[in-house]
Amino acid sequence: MRDAEPKAIHLADYRPPEWLVDKVELDFALHPSQTRVTARLALRRNPEGTTGAPVVLEGDGLTLVRLAIDGKPLVGPSFEATPARLTLAHPPADTFVLEVETLVDPTANTQLMGLYRTSGNYCTQCEPEGFRRITYYPDRPDVLSVFTTRIEADKAEAPILLGNGNLVESGDIPGTARHFAIWHDPWPKPSYLFALVGGKLAKVADSFVTASGRKVELGIYVEEGKEARAGYAMDALKRSMRWDEEAFGREYDLDVFNIVAVSDFNMGAMENKGLNVFNDKYVLATPETATDADYSGIEGVIAHEYFHNWTGNRITCRDWFQLCLKEGLTVFRDQEFSSDQRSRPVKRIADVRMLKAAQFTEDSGPLAHPVRPETYREINNFYTATVYEKGAEVVRMLKTLLGEDGFRKGMDLYFERHDGDAATIEDFVAAFADAAGRDLTQFALWYAQSGTPLLNVSGSYDKEAGTFRLDVTQSVPPTPGQGDKKPMLIPLALGLVGPDGRDMPLTLGNTPVEHGVIEVKEAAQSFLFTGLEARPVPSLNRGFSAPVNLVSDLTEADRVFLAAHDGDPFNRFDSLQRIALELLKTCARSGTLPAPDALITATGAVVADTALDAAFKAQALALPGESEVARELGSDVNPDAVYAARKALRIAVGTALAADFARTYESAGAGGAFAPDAASAGRRALRNLALDYLAVTGAAEGIARAKVQFEAADNMTDRFAALAVLAQHDVPEREAALDAFYRRFESDALVIDKWFVLQAQIASEGTLDRVKGLMLHPAFSLSNPNRVRSLIGAFAATNPTQFNRADGAGHAFVADTVLSLDGKNPQVAARLLASFKTFRQLEPVRRASAEAALRRVAQTPGLSADVSDIATRSLG
Ligand code: 0A1
Ligand code: ZN
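About the thresholds
- Residues numbered from 1 in each chain as written.
- Chains lettered and ligands numbered in written order.
- Predicted model: local features only at pLDDT ≥ 70, side-chain atom pairs only at ≥ 80, totals over all residues.
- Pairing = 2+ DSSP bridges.
- Helix = DSSP H or I, 4+ residues; strand = E, 2+ residues; numbered from the N terminus.
- Buried ≥ 20, exposed ≤ 12 C-beta atoms within 10 Å, placed from the backbone.
- UniProt positions renumbered as here; feature names shortened; annotations may be inferred.
- pLDDT = per-residue confidence, 0-100.
- Expected span 1.5 Å × (residues − 1).
- Bend = angle between axes of the 7 residues up to and from the residue.
- Near = placed C-beta within 6 Å.
- Nonpolar A, V, L, I, M, F, W, Y, C, P; charged D, E, K, R; others polar.
- Domains from an automatic or database assignment.
- Contact = placed C-beta atoms within 7 Å.
- Axes fitted to C-alpha atoms, helices over the stretch in contact; angles between N-to-C directions.
- Parallel < 35°, antiparallel > 145°, perpendicular 65-115°, else oblique.
- Left-handed = near helix turned anticlockwise from the far one by under 90°.

1. Quick look at the sheet that holds strand E2 (residues 19-29)
If you trace the eight strands from one edge of the open sheet to the other, you get E6-E5-E9-E3-E2-E12-E15-E14, paired in mixed fashion. The outermost strands of the open sheet, each flanked by one partner alone, are strand E6 (72-73) and strand E14 (166-172). Relative to strand E9 (residues 95-104), strand E5 (residues 63-69) runs antiparallel, the two sharing six bridges. Paired with Leu67 across the bridge in E9 is Val100.

2. Quick word on unusual backbone geometry
The bulk of non-glycine residues show a negative phi, and the bulk of peptide bonds are trans. Each neighbour pair has its own omega, and for Glu127 with Pro128 the value is -10 degrees, a cis peptide bond. The residue Pro128 is located in the loop between strand E11 (121-125) and strand E12 (145-154) in this model. Unusually for a residue other than glycine, His515 sits at a positive phi of about 55 degrees. Assignment of secondary structure puts His515 in the loop between strand E29 (511-512) and strand E30 (517-520). Since 13 C-beta atoms lie within 10 Å of it, His515 is described here as partly exposed. Phi at Phe544 is positive, roughly 50 degrees, even though this residue is not glycine. Position of Phe544 relative to the elements: it lies in the loop between strand E32 (537-540) and strand E33 (549-552).

3. A few points about the UniProt feature "domain: Peptidase M1 membrane alanine aminopeptidase" (unreviewed entry) in the chain
The sites that UniProt annotates as "domain: Peptidase M1 membrane alanine aminopeptidase" (unreviewed entry) are residues 232-443. For residues 232-443, the helix share is 56%, the strand share is 9%, and the end-to-end C-alpha distance is 39 Å.

4. Side note on the confidence of the model for the chain
When pLDDT is averaged along the chain, the result is 97, and 99% of the positions lie at 70 or above. Both confidence scores are given for the complex: pTM 0.98, ipTM 0.98.

5. A closer look at helix H21 (residues 785-798)
With 14 residues, H21 extends just 17 Å between its outermost C-alpha atoms, more than 12% less than the 20 Å of an ideal straight helix rising 1.5 Å per residue. Of all the bends in H21, the greatest measures close to 40 degrees and is centred on Ile792. In terms of burial, H21 is a largely internal element, 13 of the 14 residues being buried.

6. Details of the site of ligand 1
Around ligand 1 sit 13 residues in total, of which Gln125, Glu127, Asn266, Met267 and Met270 are the nearest. Elements with a contribution of two residues or more to the shell around ligand 1: strand E20 (269-270) and helix H2 (292-307). Its residues placed into classes, the shell around ligand 1 shows four nonpolar, five polar and four charged.

7. A few points about the domain arrangement of the chain
Assigned domains of the chain: these are domain 1 (1-200), domain 2 (316-448), domain 3 (454-546) and domain 4 (746-876). One C-alpha centre belongs to domain 2, the other to domain 4, and the line joining them spans 30 Å. Taken together, the contact pairs nine residues of domain 2 with 13 residues of domain 4. Looking at the side of domain 2 that touches domain 4 residue by residue, the class counts come to two nonpolar, four polar and three charged.

8. Considerations on the packing of helix H4 (residues 344-363) against helix H5 (residues 385-418)
The N-to-C vectors of H4 and H5 enclose an angle of 120 degrees; their axes lie 9 Å apart at closest approach. When the interaxial angle is binned, H4 and H5 end up oblique. The handedness of the crossing between H4 and H5 comes out as left-handed. On the side of H4, the interface is formed by Met354, Leu355, Ala358, Gln359, Glu362 and Asp363, while H5 contributes Ala385, Thr386, Glu389, Lys390 and Glu393. Considered class by class, the residues forming the contact of H4 with H5 number four nonpolar, two polar and five charged.

9. Some words on the UniProt feature "domain: Aminopeptidase N-like N-terminal" (unreviewed entry) in the chain
Residues given the UniProt feature "domain: Aminopeptidase N-like N-terminal" (unreviewed entry) here are residues 109-193. This span, residues 109-193, is 0% helix and 51% strand, and a straight line between its end C-alpha atoms measures 19 Å.

10. Topic: the packing of helix H25 (residues 844-858) against helix H26 (residues 865-875)
Helix-helix packing: each pair is described by the crossing angle between the helix axes and the interaxial distance. Relative orientation of the contacting elements H25 and H26 amounts to 140 degrees, with a least axis distance of 9 Å. Classified by the interaxial angle, the pair formed by H25 and H26 is oblique. Both H25 and H26 take part in a crossing whose hand is left-handed. Mapping the contact onto sequence places Leu854, Arg855, Val857 and Ala858 in H25 and Val867, Ala871, Thr872, Ser874 and Leu875 in H26. Of the residues that constitute the contact of H25 with H26, the class distribution is six nonpolar, two polar and one charged.

Rendered as structure tokens:
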């Protein structure tokens, strides 16, 4: 419905809007197939625009009913309306009110962009370009306007009517079965933050008093009967509101804050002003239906959307190239929140695992792009790990460079200068540069250069001089559209660990290194540390201070030492991972696992260390994933060999430490009623990791233990962990448990998603047929994004051996699914196709079959812009 072959859009071509909208009044008459939308736009010529510019409003598949200017009906040829555009070539004045009436069909909307239906309810999704599917509008984030929304609907069909801002009026429409509500949002906002909801929903109510004493009514709306599942989300919301006041000095700014949970949603959630709309996966939880991972996901996403109220809504983006301005910053904020609510080191480890799995992978393949891209064809494809996760890392590095106080001053200045603005990355960086009195030009390269920097570090100790020299070189690999790169400013946190396991002084020349962070700025640079009476072991990139690939001359013995003694918990974790990675790489290449004694000793020491908390141990004991091994190998990857290597190492560790794991399993006993707090979750994680190691050989005893836990569990975390163990093994207990799980939870779609995921992840030849079979299961639907992600998405993204089957059947299947999905939901189809992004690292046979599947997709006529963009770039 939009332009068939979308042109590339370039950051360099940005021009201010020609027309502004001072005020918008929207009137919706909700109807399943013919919703009537009347928009009154108070248009004003932008004094900064081009003289005499026409009014050009975007549309997407719209049916125009009526147009009026200042109340007078408008007839052709004074305007031109197509489904994609409304043009007034000769606007009557520099300010006027344009009234536009359109008809939209929410039931036919399978893309889930614009106004659509979910479980019979009405809801909207407008970011990034969905508002144009509702009415003609200057649908760009730098046009801010004050919205008033009147919603009218059949009372029985939609007893609840919600909009942005505060409720100003509601009532029945006399003589009809309809009613209405009027919502007013006093804060000017771009159209992508517009939302409305109408339907039969149950409300969970609470309230919050802000630091300055404003009372805010909180509502979480869920499908009827699910009220009891929204308690944790409400609790997380109130904690988020308090935290933002304390950590960033940001208060909420309306009388109400509503969240609506829907079961059909393309992403995680959406920060519409005062009316967040959520994928119900990130709202609903009970101990019986949600795992600890689900609880922490809910806490994080609730916080994320709430924090957008300041970083995204009060200060929005000038254009979509600046997406990381709101997303990277808001991810950083939600990560900090979760770190404060839970264990900081454990949260950091989990975030870095995810960064490496998703973002490092993206950055090393054909879809690599800068945190702030400079060109795009389809903006929907830029809601990526790079914009979100690497964007958050860049903000974290700013904090590391400027320190706690300097960072807070920079944030305060950013809020003070830009409240109410549509801002840019330059504005953001300037606030920190000005607050700290520091030139951040080189730092800003993190926004512009794609690719993960490679840092090479070697150390030499001079006993006579008592010095330790670190020689550091850096380079950034070439990425699509970017050949030669400049050296980056890399904040490298480090420590020099002495023979007694304690940090030695960190002094450069005569100057102590502040906060233990050195700044690497040049392609090659040396740092001379003085006053060292013994050879230290350097602990590098502590806390993962910079998102880089680090290669060092540390020996396996050095790593064993750091795993046991490093004062930085992240690097204790990382040292173990590094030892394991080297073993896995060698094994995947040669087919032979080198003696893993060092890893076993170091792992055993961590298991036995009573000073370490359980959540940390669980992270430290989980071996690097197959995708990380593949990425480290870089080329000629055979996923079967990677899988076999990992399995062999798990068996070696599990067998050698069986007694320790058994003790851990018994002593970390379930104990007491379920509570979702971090400490309890950590105990469950460790116990379930032990369960996994104890069953790793598939021997009867381990399987029996998993079966007992599966049957006896009183919470989803333990039940699901046991099922996941059983699912890995080709034993009769597997099918029995899968059946029992299905029967127990068949009416609960979010739980059945877990059942789909586990089956899609089984690393054996029968899985492809199993997945194809499950697509015909009554619980599956290609129309629901959560179902597609759970079954097909999990297969493509987390089952490397079966997706990359040597016979090409896995690739062909995913390509076919992308093609059948594209007509329904291009965004979800494009995301699924992006699973091919690592195909170039595969060995030749699999690489060829992936490429053939991608070509077949690329050559299919009538593709959406979303899928065609991913196919083209993947092949590029
Ligand atoms: N701003 C949201 C992400 C989001 C983007 C697009 C959507 O629909 C296609 C929905 C949500 C966030 O960061 O949470
Ligand atoms: Zn966001």
